[in-house]
Amino acid sequence: MSEPILKVEGVQAKYGDFIAVHSATLDVPEGKIVSLIGSNGAGKSTLMDTVAGLHKPSAGKIYFKGEDITGLPAEKIVLRGLSLVPQGSRCFIRMSVEDNLIMGSFPKTARKNVKKNLERVYSLFPVLKEKRNDPSGSLSGGQRQMVAIGRALMTEPDCLLFDELSLGLAPTIIKDIYANVKDINRDGTTILLVEQDTQRAIKTGEICHVMLKGNVVLSGLSKELGDDEIKKAYFGI
Amino acid sequence: MQIVQLIINGILLGGIYAVLGVGMTMIFGIVKLTNLAHGEFVILGAYASTLISTTLGVDPILTLIVTIPIMFLIGMGLQSGLINRVMLKGSEPALLVTFGLSIILQDLMLLLFTADARHAGGAYSSIVFNIGPISIALLDVILLAISLVTIIILSLFLKKTYLGRSIRATSDDTQAASLMGVSVKKTYGIAMGIAMATAAVAGLCIALKWTFYPSSGGGYLLTAFGVVVIGGMGSIPGTMVAGVILGLAQVIGGANWGQLISYLIMVLFLVVRPQGLFNK
């Protein structure tokens, strides 16, 4: 297995006194698609927010490309090539689609390639080119998710985190977006995928981690993990 | 013909009101803060322009070259050094800090500049064009032009530059903006700096058109509030139209009724269309 691009070691994250993530440990090997599954409230989204720098960990270490990024703010982490597509897409709803995408080029390292990256996003999601001047608030849920993915791609990430990619989307759209995710991975971007749609996550990710009540309780190659094993880890039985 | 004259006067006045409100609406829309010191910022700008122009003997309009950058830096310093810190504790403490700032600034100006009325007269103050029965003061045209140029530059900056886009993005979703590499605190600092720079322009307009005192800020704060309420917070086109609406109300109502009509329109908007003219 290749060297992990992202290492999470015993990370704890709290909201006030409530501990959402107890002690999460997981590796994301470079160039792979890794999925992270778990039931509602298992702490997946909090862990993603913590890795991306939106939430400060109260214990543990996070390494990206071998460097310690624990506790760095989100605006610094994105400069190192780690980008999060947050839950519910979180577009800048009053800005046009194109302005949303160009915001992804805000990091100085990404600015010189704006045109090239914009073309790449438009070829990945042709519908965004048609709607480039529309405010992103007028788009459908699937199109907003495309804007969020495109915007994250514009930051030129080496590793992309997807939080609940399929939440609230129609099945046909989910299928298309997952095809796009595989394309993005094929172009060399490592992907960590958080999903509630367990089947799809296991099918897409080469490696699978299962979270339960704030801990990563099972990790392994997706094809080697048995259904029963995953079920037990997922429900904690 | 008198009605045409009224409308022209209202539009001319509206420009000043718009530039008064634009800084307030930016802070409302981006930092999500009610800046109760905005009126004092404007008066500070008025004093700065008046004093620099009388000391150096230059045209008051030229003082903008100095006052805009200085006011920008003061705004950025206030936001980064003071307001950002209290904003961590919630929006009410920040509101109170701006209230405190307004009192401190008012007393500071009273101490430094005395309570005497001031005015920055220019050479063009008394020039009036007559087109048929309609007369237009050159000063009013210049002030409208200054206001328009300020607002156009500001909206181009927000539309076309990376920094401007990052300000709009922060106003839509702070967390998502930080995921794009935007430092939210730095952005708030820049936004306050810009608001302060527009206050320098508004201050110059006021110093040229009217007399002012250290205590004049409160009245202008209310006008700025009116512009924000009618135009909708954060909306620049809304600011322009709201400025003209208030300008017309002021001119049509005259000295006796102008203020009353302005506030009635403001209340009407709060009841019927609280999001303002251009916001959805």
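Above this text you will find the structure in question.
Per chain, residue numbering runs from 1 following the sequence as it is written. Each chain is given a letter, starting from A, and each ligand a number, starting from 1, according to the order in which they appear as written. Where totals are concerned, whole chains, interfaces and linings use all residues; where local detail is concerned, this predicted model gives features only for residues with pLDDT of at least 70, and gives and counts side-chain atom pairs only at 80 or more. Heavy atoms from the whole structure form the basis of all side-chain values; hydrogens and water molecules are not counted.

How would you sum up a nonpolar patch on the surface? Please name residues and give values.
Residues and elements named next belong to chain B. A patch consists of residues exposed above 30% relative accessible area that lack any salt bridge, with like charges linked at up to 9 Å and nonpolar side chains (Val, Leu, Ile, Met, Phe, Trp, Tyr) linked at up to 5 Å. In short, Shrake-Rupley with a 1.4 Å probe defines the accessible areas, and a residue's cover is counted only from the protein chains shown. The salt bridge criterion pairs a side-chain nitrogen of Lys or Arg with a carboxyl oxygen of Asp or Glu, the two atoms within 4 Å. A cluster of nonpolar side chains, Leu56, Val58, Leu62, Ile65, Val66, Ile70 and Ile74, forms an exposed patch at the surface whose accessible area comes to about 620 Å². Here the nonpolar patch gets four residues from one element, more than from any other, and that element is helix α3 (residues 64–87). Per the convention used, a helix needs a DSSP run of H or I reaching at least four residues, while a strand needs a run of E reaching at least two, with both numbered from the N terminus. Here Ile65 lies in helix α3.

Explain the packing of aromatic side chains to me, using residue names and the numbers behind them.
Side-chain rings of Phe, Tyr and Trp, where Trp is taken by its six-membered ring, are said to pair if the distance between their centres is within 6.5 Å; with planes under 30 degrees apart they count as stacked, over 60 as edge-to-face, and otherwise as tilted. Counted by the stated rule, this structure contains five aromatic pairs over all chains. On the basis of an interplanar angle of 70° and a centroid distance of 5.0 Å, the ring pair of Tyr234 of chain A and Phe235 of chain A is categorised as edge-to-face. Centre to centre, the rings of Tyr47 of chain B and Phe113 of chain B are 4.3 Å apart; their planes meet at 20°, and the pair counts as stacked. With Tyr47 of chain B in helix α2 (residues 38–56) and Phe113 of chain B in helix α4 (residues 91–113), the pair connects residues that are 66 residues apart, well separated along the chain. Placement of a positive charge over a ring is assigned whenever Lys NZ or Arg CZ falls within 6 Å of the ring centre and within 35 degrees of the normal to the ring plane. Positioned above the aromatic ring of Phe106 of chain A, the side-chain terminus of Arg111 of chain A is 5.0 Å from the ring centre. Of note, Arg151 of chain A hangs over the ring of Phe92 of chain A, and the distance from its end group to the ring centre comes to 4.7 Å.

Give me the lowdown on the interface of chain B and chain A, citing residues and values where you can.
Contacts: residue pairs with any heavy atoms within 4.5 Å of one another. Contact residues are listed per partner, giving 18 residues for chain B and 23 residues for chain A. Summed over both partners, the accessible area lost on bringing two parts together, with a 1.4 Å probe, is the buried area. Per-residue buried area on chain B facing chain A is highest for Tyr162, Leu179 and Met180 of chain B; these three make up 39% of the total on that side. Between the two partners, chain B and chain A, sit four salt bridges. A salt bridge links Asp173 of chain B to Arg90 of chain A; the nearest nitrogen and oxygen atoms lie 2.6 Å apart. Breaking the side of chain B that touches chain A down by element, the ones donating at least two residues are α6 (162–172) and α7 (174–179) of chain B. Ranked by residue count, the leading element in the side of chain B that touches chain A is α6 of chain B, at seven residues.

Mind laying out helix α1 (residues 2–31) of chain B, listing which residues take part and the relevant values?
Residue and element names in this part refer to chain B. Working rule for helices: expected span equals 1.5 Å times residues minus one. A rise of 1.5 Å per residue sets the reference length of α1, with its 30 residues, at 44 Å; its end C-alpha atoms lie 43 Å apart and thus fit the reference within 8%. The buried count for α1 comes to 22 of 30 residues, which makes it a mostly enclosed element. Lys32 sits one or two residues past α1 and shows a positive phi near 55°. The buried label applies to any residue whose accessible area, calculated with a 1.4 Å probe on protein chains only, is under 20% of its type's maximum; exposed applies above 50%, and partly exposed to all values in between.

I'd love a proper account of the pairing of strand β2 (residues 134–137) of chain B, names of residues and values included.
It is a general feature of regular strands that their side chains alternate between the two faces of the sheet. All names here are of chain B. Only one face of β2 is covered, namely the one carrying Ile134 and Ile136; the face carrying Ser135 and Ala137 has none of its residues buried. Examined bridge by bridge, strand β1 (residues 128–131) and β2 share four bridges and lie antiparallel to one another. Directly across from Phe129, in β2, lies its bridge partner Ile136. In this antiparallel pair of consecutive strands, β1 and β2, the connection spans two residues, and Gly132 shows a positive phi of 60°. Between any two strands, pairing holds if DSSP finds at least two bridges.

How would you summarise the pattern of salt bridges if you had to cite specific residues and measurements?
Inspection of every chain in the model, using the stated rule, returns 16 salt bridges over all chains. Between Arg132 of chain A and Glu98 of chain A there is a salt bridge; the shortest N-O distance is 3.3 Å. With Arg132 of chain A in the loop between α6 (126–130) and α7 (141–154) and Glu98 of chain A in helix α3 (residues 97–103), the pair connects residues that are 34 residues apart, well separated along the chain. For Arg132 of chain A, a relative accessible area of 30% puts it in the partly exposed group. Its relative accessible area of 19% is what places Glu98 of chain A among the buried residues. Each of the salt bridges in this network shares a partner with another, and the network as a whole consists of Asp99 of chain A together with Arg165 and Arg168 of chain B.

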